[in-house]
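Next come the chains, spelled out residue by residue.
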Amino acid sequence: MNINELYNELERLGISHDIYSIMPIGMPNEKLCLACEDEWKIYYSERGSKTGEKSYSTEEEACEAFLEKMKRF
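What comes next concerns the included structure. This is a predicted model, so every value here is computed, not measured.

**Details of helix α2 (residues 59-72)**
So, step 1. Relative to the 20 Å expected for 14 residues at 1.5 Å per residue, α2 spans 20 Å between its end C-alpha atoms, a close match to the ideal helical length.
So, step 2. When α2 is considered as a whole, its buried residues turn out to be Ala62, Cys63, Ala65, Phe66, Leu67 and Met70.
So, step 3. Where α2 is buried, its residues touch α1 (3-12), β1 (20-22), β2 (31-36), β3 (40-46) and β4 (49-56).

As structure tokens, then:
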């Protein structure tokens, strides 16, 4: 799965854009984020801080993990 496929699946599932940010610019508040910095990362962004950060080596791994987290929201 890549980012475009992830967007499509989140849309299909009816998951609100208000609770996540993919490839954020800056630091969104109170959102689950998927970003590619030096490596792919998933983290929760709140008040300028990242919590629960986890790294992934590929876009596919990160997108699949992000989708699983979003299904549990």
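**Some details on α1**
So, step 1. All of the buried residues in α1 are Ile3, Leu6, Glu9 and Leu10. Buried residues of α1, viewed axially, fall in a sector of 120 degrees; they line one side. Pointing more than 90 degrees away from the buried face of α1 are the exposed residues Asn4, Asn8, Glu11 and Arg12.
So, step 2. Its buried side turned inward, α1 meets β1, β2, β3 and α2.
So, step 3. The opening residue of α1 is Asn2, an N-cap whose side-chain oxygen sits 3.0 Å from the backbone nitrogen of Asn4.
So, step 4. Immediately beyond the C-terminal end of α1, within one or two residues, lies Gly14, with a positive phi of roughly 75 degrees.

**Re the packing of α1 against α2**
The relative placement of two packed helices comes down to the angle between their axes together with the axis-to-axis distance.
So, step 1. Running from N to C, α1 and α2 cross one another at 15 degrees; their axes reach a closest spacing of 9 Å. Classified by the angle between their axes, α1 and α2 sit roughly parallel to one another. For the pair α1 and α2, the crossing hand works out as right-handed. Two secondary-structure elements touch here, α1 through Ile3, Leu6, Glu9 and Leu10 and α2 through Glu59, Cys63, Phe66, Leu67 and Met70.
So, step 2. Across the contact of α1 with α2, the residue classes tally to seven nonpolar, no polar and two charged.

Criteria and thresholds
Residues numbered from 1 in each chain as written. Predicted model: local features only at pLDDT ≥ 70, side-chain atom pairs only at ≥ 80, totals over all residues. Heavy atoms only, no water. Helix = DSSP H or I, 4+ residues; strand = E, 2+ residues; numbered from the N terminus. Expected span 1.5 Å × (residues − 1). Buried < 20%, exposed > 50% of the residue type's maximum accessible area, 1.4 Å probe, protein only. Contact = heavy atoms within 4.5 Å. Arc of directions from axis to C-beta. Polar contact = N/O pair within 3.5 Å; in protein donor to acceptor, adjacent residues only side chain to side chain. Axes fitted to C-alpha atoms, helices over the stretch in contact; angles between N-to-C directions. Parallel < 35°, antiparallel > 145°, perpendicular 65-115°, else oblique. Left-handed = near helix turned anticlockwise from the far one by under 90°. Nonpolar A, V, L, I, M, F, W, Y, C, P; charged D, E, K, R; others polar.

Shape descriptors only; they carry no functional weight alone.
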